[in-house]
Amino acid sequence: MLLELCNATIVDPLHSRHGQCDSLFVRDGRFVAPPRERAEVAQQVDVQGDLVLAGGIDIHTHIGGGKVNLARLLMPAPPTADSPRAVWPTVQTGERYSQMGYTACFEPAMLLSTARHTHLELADTPHLDTGAYIVVGNEDWLLHALGTGLEDAALDAYIGWTVAASQALAVKVVNAGGISAFKYNQRALDVDQRHAQFGVTPREMIGRLSASIERLGLAHPLHVHASNLGVPGNVDAALATLAAADGHRIHLTHAQFNSYSAIGPYGMGSGAERLAAYVNAHSNVTLDIGQIVFGQTVTISADTVAQFSHRRHAHPARWVVSDSECQAGCGVVPMRYQDKQYVHSLQWTIGLELMLLIEDPWRVFLTTDYPNGGPFTSYPHLLRLLMDHSFRQSMLETIHPQAAKNSLLQELTRELTLDEVAIMTRAAPAKILGLTDRGTLSDGALADLAIYHAADNWQTTFSQARRVMKSGQWIEHGEAGTCGRAECHTLRAAPEFDRQLVHRKFSAPIEQALRMPMNCLEIGSQEMQDLIRRPLVDGPRIVAATGQRGAGNAD
Amino acid sequence: MPMPHPVASHCCLCGLMCPLNGVGSACPCRNRWLTEAGKADAVPAYSSRAAALSVARVSQLFRTARQPLVWLDAADVQSVRAAVHLAHRLRGTVHIGQSTGGALPQRVLGRQGWLGTSLAEVATHADLILTLGDDILSEAPLLPSRFFQPAIDRQPQAWWHISQRPPTASREQEPPSPSPSKRLCWPRKEWYQRLTNLLWHLRDAPQPPPLDAGQEALLGRMRQARYAVWLWDSEEFCDAIDELLIRRLQDMAQVLSGNARCSLLSLDANVGRVTAEETLRWLTGLSTTATFDGRQWTAREHWEHYQLDDWPSEFDAILFVRTVPTLRPVPHLQADHWLLPEDGFLAADVDPQTVLRVAATGQSCSGQLMRGDRGAMLLCHAENQGISAESFLFAVSGNLAGQPPRAAAQSVVEKS
């Protein structure tokens, strides 16, 4: 059946009719070219000049898995208007994202041992295509192997296996080696510091892992949670981490939390300018922000080193820090970001500085690292801050005065354009994840779209989409659990790897550590379909990567 | 390349995911279960006609109920999804039959934080394992050989055991197992004070209370350890005094974590209950009891204090659901209808006419299980036999919506 959306203001820099008020056509879940015969159109929907964008894509949001469920345990209070729920159940997560016009979201921290739990929660999150990134870099067996001269072929086989076994889309490293070092009571692991037990450095690991990902042809670069998260002066670690990729593609996640200088009031200031300058000068680097939002939230991270340190600031005063299955850790610490507190105000300014200082909208992504920085429902508010200079200045006056006075926001007059927002929240996330079938309204793309009525400010505009379409089906938002659902999928990479080599090198140490055979960790396609109840879709693979390949501009 | 299905068999009785299988395997826990299961021959066998009648009966029960309740005792993910779907349609309530032992770590965590770990970490990193209580070794008899042995191989003095009873004399039926390098037998009523005294010493209090030889030795060992773990069986520690005890352990873990690593691990062998709780939480945001009021899922505070007899006074229709075998007996709940695994245990006074038997996880039903320490998940593959609890619950939902009885839907919430 051919559907025509008439009078759509097309907001899609990739579309040939971008900026025009024209019709869009949808058939069988995809955008198609205008028909030769008008009579082919079976249904017409008059959008009345409203803005039509591709469905939003959030590349880093903690929406499923054991840590997320622990956060729900710690923050169970019924939500109020002043204190909204910090972590929603899965159905409400899908509902709220969809109401804002998002159609795909990605869980950035999945462990091999708990991958099934992650996929189960994602499967119960409606209206969104989902996927997850597998966390590597702190497994006992991997660190031991790296420390004893693991060859590239074996590393590639192992990384390929972890992605395939966990049905992941991408690879993430969290505080490379640092979580493991903490289990040996090593309390810090800087980029060039050696792991007390295994002898490797984070720099070595980042370099080898980023190269491995390129050899495997994975679309998304190594997704990096850098060392020394939250520590004053850690912008040095962030820069060293990016340099460690040695020109290979690398994505720095929640960069705001790694953009602190050690100079300033209370020994802490903004390193955003230095980091942004590096990003602007190196096309192999991308990053997402991790913007904080004032109010109550809860931080969840595999980085037990950071969370163990932050537990002292827990508000309310309850938390969990736990080691997980010789692979990583799990720290859940509630946090209330206060606008009159210097450090929180500084964090708020840094995130915005990064967004405004980085020039290429294809290489910077708006996230709150939900729920670490704040709820994803704050994205409309953040967009208004970025698109409306006078509003931003008015909010600057409400924060801690020293943080406001020292911030580059005092001079930055840039306002993101609607085109840039469409890139940052749609086209660029699709590109960085290798999802060539979405993020655009162009012919052939998946018919994921959001219709917004332009209000008197961008926050109101983006808070509630008038209508959302997912895979060609209109989403009807209603009471929890009764809304009409489109069929959604788990997106995964499917790298090729040498299974025999993986077993030869790793089956014994994995079984020794986990006390179960390695193949128990493998999630099959049939299992995804029948038991987890979420069909799989393969993401693309970059074939024959030949050295540096920055995210750059659209091809 | 196609991924093979996991091949390790799984025992859902203690949550340790042992590779042992079959009658006669060297696990007293599993042998005990198989022996008990054999006694179920006297109960009428399942039949498909009985299932259809049960669906109709439960549908009618819930159609006329003002306050319907689905009581999940131990369940796999699919059953919980179906139960939540049913409760949503009914504007009813889902409750996870919760022991206070399972809830206790949550209460301590909610008040003072929690330093945790998982069993694989214990096996790989621990140089001091402190087991507390009498049940941890009987409820998980293969725990020492499966998870403590690697630590003992690294450090012969790794395992210390504190209990109130000396070891049993007769161990002919137990598999060969490592023994603790040190046993401390303290009367149960002294545990809190003894642990508190240890805590004073760990905090370097100016005039700490005196310790006996055993406590001194334990103190010295704890101070030497690089990675210490306290473990206990969750069912053994249930009441308010036990909660104070566990808080003491958390206090000690916090002090020791200043210079080393120290964690707590409460082992919950009832993996079906852990599964049900986790699944309910991600679906509704609530862990133990969730009621749908037409707009959102909420919980009423007084339910936290309910005893078994209180539930029938508030709910006029109760469906009891257990889909994962467990050694725990079926509670004496005044339920109207029961769904049980084929080898589930029955209370003597449960009317067989109201019981629907469904295929059991571990023998003839596939399902997702979560290990009791939340450390990992393992899929148990087996063939489906007959109607599953999930199908039953969705069939009831379908009846209530005026639809003909149908098999399980693709997800918890149907597309309307």
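Quantities reported herein were computed from a predicted structural model and do not represent experimental measurements.

Rules used throughout
Residues numbered from 1 in each chain as written. Chains lettered and ligands numbered in written order. Predicted model: local features only at pLDDT ≥ 70, side-chain atom pairs only at ≥ 80, totals over all residues. Heavy atoms only, no water. Helix = DSSP H or I, 4+ residues; strand = E, 2+ residues; numbered from the N terminus. Rg over C-alpha atoms; globule rule 2.2 N^0.38 Å. Buried < 20%, exposed > 50% of the residue type's maximum accessible area, 1.4 Å probe, protein only. Areas by Shrake-Rupley, 256 points an atom, 1.4 Å probe, with all protein chains shown as cover. Lys, Arg positive; Asp, Glu negative; His and termini not counted. Charge placed at Lys NZ, Arg CZ, Asp CG, Glu CD. Expected span 1.5 Å × (residues − 1). Contact = heavy atoms within 4.5 Å. Axes fitted to C-alpha atoms, helices over the stretch in contact; angles between N-to-C directions. Parallel < 35°, antiparallel > 145°, perpendicular 65-115°, else oblique. Left-handed = near helix turned anticlockwise from the far one by under 90°. Nonpolar A, V, L, I, M, F, W, Y, C, P; charged D, E, K, R; others polar. Pairing = 2+ DSSP bridges. Salt bridge = Lys/Arg side-chain N within 4 Å of Asp/Glu carboxyl O. Core = buried A, V, L, I, M, F, W, Y, C linked by side-chain atoms within 4.5 Å. pLDDT = per-residue confidence, 0-100.

## Here we look at the overall build of chain A
Here comes step 1: When helices and strands are counted, chain A shows 18 helices and 23 strands.
Here comes step 2: The C-alpha radius of gyration of chain A comes to 22 Å, within 12% of the 24 Å expected for a compact globule of 555 residues.
Here comes step 3: Taking the principal axes of its C-alpha atoms as reference, chain A extends roughly 70 × 60 × 45 Å.
Here comes step 4: Looking at chain A residue by residue over its 555 residues, the buried ones come to 69%.
Here comes step 5: Split by element, the accessible area of chain A, about 17200 Å² in all, is 49% carbon and sulfur.
Here comes step 6: Charge-centre separation for chain A: the mean point of 45 positive side chains lies 4 Å from the mean point of 57 negative side chains.

## Description of helix 8 (residues 191-202) of chain B
All names here are of chain B.
Here comes step 1: Under the 1.5 Å per step criterion, the end-to-end length of helix 8 is 16 Å for twelve residues, consistent within 8% with the ideal 16 Å.
Here comes step 2: Within helix 8, nine of the twelve residues are buried, which leaves it mostly tucked inside the rest of the structure.
Here comes step 3: Looking at helix 8, one finds that the buried residues are Trp191, Arg194, Leu195, Thr196, Asn197, Leu198, Leu199, His201 and Leu202.
Here comes step 4: Elements that come into contact with the buried residues of helix 8 comprise strand 4 (128-132), strand 5 (159-163), helix 9 (213-224), strand 7 (227-233) and helix 10 (240-256).
Here comes step 5: Following helix 8 by one or two positions, Asp204 has its phi on the positive side, about 55°.

## Topic: the packing of helix 3 (residues 77-90) of chain B against helix 11 (residues 271-284) of chain B
A pair of packed helices is characterised by two quantities: the angle between their axes and the separation of those axes.
Residues and elements named next belong to chain B.
Here comes step 1: It is at 9 Å that the axes of helix 3 and helix 11 come closest, and there the two elements cross at 45°. Judged on the interaxial angle alone, helix 11 and helix 3 are oblique. As helix 3 runs across helix 11, the sense of the crossing is right-handed. Of the residues in helix 11, those touching helix 3 at Val77, Val80, Arg81 and Val84 are Thr275, Ala276, Thr279, Leu280, Trp282, Leu283 and Thr284.
Here comes step 2: Residues that form the contact of helix 3 with helix 11 fall into these classes: seven nonpolar, three polar and one charged.

## Brief notes about helix 11 of chain B
Here comes step 1: Its 14 residues give helix 11 of chain B an end-to-end C-alpha distance of 20 Å, which sits within 8% of 20 Å, the value for a rise of 1.5 Å per residue.
Here comes step 2: Positioned one or two residues after helix 11 of chain B, Gly285 of chain B has a phi angle of 85°, which is positive.

## Comments concerning the sheet that holds strand 10 (residues 297-298) of chain B
All names here are of chain B.
Here comes step 1: Strand order in this open sheet of seven strands is 10-9-2-1-11-12-13, and the pairing throughout is mixed. Strands with a single pairing partner mark the edges of an open sheet, and in this sheet they are strand 10 and strand 13 (355-358).
Here comes step 2: Alignment of strand 1 (residues 68-74) against strand 11 (residues 317-322), held across six bridges, turns out to be parallel. The residue of strand 11 that forms the bridge with Pro68 is Ala317.
Here comes step 3: Here helix 11 sits on the sheet and contacts strand 1, strand 2 (93-96), strand 9 (289-292) and strand 10; the angle it forms with strand 2, its principal contact strand, is near 145°.

## Details of unusual backbone geometry
All names here are of chain A.
Here comes step 1: The omega torsion of the bond from His315 to Pro316 falls at -5°, within 30 degrees of zero and hence cis.
Here comes step 2: By the element assignment, Pro316 lies in the loop between helix 10 (304-310) and strand 16 (320-324).
Here comes step 3: In this structure, the amide linkage connecting Tyr370 to the following residue, Pro371, adopts the cis form with an omega of 0°.
Here comes step 4: Secondary-structure assignment places Pro371 in the loop between strand 18 (364-365) and helix 12 (379-387).

## Notes on the pattern of salt bridges
Residue and element names in this part refer to chain A.
Here comes step 1: Applying the stated criterion across every chain, the model contains 44 salt bridges over all chains.
Here comes step 2: We note a salt bridge from Arg438 to Asp437, for which the minimum N-O separation is 3.0 Å.
Here comes step 3: A salt bridge links Asp538 to Arg492; its shortest N-O distance comes to 2.5 Å. Remark: Arg492 occurs in strand 22 (residues 490-492) and Asp538 occurs in strand 23 (residues 536-538); sequence separation between them is 46 residues.

## A short note on the nonpolar core
Here comes step 1: Residues Trp161 and Leu275 of chain A together with Trp230 of chain B are the most contacted members of the largest nonpolar core, which totals 230 residues.
Here comes step 2: Once you skip the residues sitting within four places of it in the chain, Trp230 of chain B turns out to touch Leu130, Leu132, Ile162, Leu195, Met222, Leu249, Met252, Cys262, Ser263, Leu264 and Leu265 of chain B.

## Some details on the confidence of the model for chain A
Here comes step 1: Per-residue pLDDT for chain A averages 93, and the proportion of residues at 70 or more is 94%.
Here comes step 2: Scored below 50 in pLDDT, residues 479-483 of chain A shows 20 contacts in the model against residues more than four places distant or in partner chains.

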